[in-house]
Amino acid sequence: MAEHQTVTLTFDQLQKLMEGMIEKSNANMISAIQELKKPSEKELAAEKLAEERAAKELQLMIDTAKQEEATKLALQSACNHRKPNGVMDYAGQVHNDGKVRLICQICQKLMVNRPATQYDYQNGPMELEYQAQPWVPQVV
Ligand SMILES: [Zn+2]
């Protein structure tokens, strides 16, 4: 095409040409923005490091919880739930859900978990009344 050649376009052709140019320009702009929004290698590495750190912390929390649970269960299985004088060492009350719950004061094991009776509502958990009585070993 010669340098100074005159081109004749209809209005529709000119409009299509302009629209095409604008569309292409917009597409270039969008891809440039998308490129700018992409995280850098450094950002990706930092993100990966943060994810790895979070996963390690979570695993540590899980391990610690498991260890604490195992320690608690070992303590509970070794506990006789009694004071040195032989009486049961638990405490508790009638709860709002209508249940009596008594927990060992030494190992925190849930010892009693039953529906409350009218007697419990009036006098407190009946087990606590007998708590003061010394423990008599049962013959198996
Ligand atoms: Zn206990």
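Preceding block: the structure.
Residues numbered from 1 in each chain as written. Predicted model: local features only at pLDDT ≥ 70, side-chain atom pairs only at ≥ 80, totals over all residues.

(A) Inspection of the sheet that holds strand S3 (residues 110-115) at higher detail. As summarised here, the arrangement of the three strands in space is S1-S2-S3, forming an open sheet in which the pairing is antiparallel. The open sheet has two edge strands, strand S1 (90-94) and S3, and neither has a second partner. Strand-to-strand twist of the sheet, defined as the mean angle between neighbouring strand axes without regard to direction, takes the value 10°. Note: strand S2 (residues 99-104) against S3, five bridges, orientation antiparallel. Within S3, the residue paired with Arg 101 across the bridge is Asn 113. (Pairing = 2+ DSSP bridges. Helix = DSSP H or I, 4+ residues; strand = E, 2+ residues; numbered from the N terminus. Axes fitted to C-alpha atoms, helices over the stretch in contact; angles between N-to-C directions.)

(B) Local environment of the environment of Ala 32. Along the polypeptide, Ala 32 turns up in helix H1 (residues 11-37). In the structure, Ala 32 is positioned 95 residues away from Glu 127 in sequence and 76 Å away in space, judged by C-alpha atoms.

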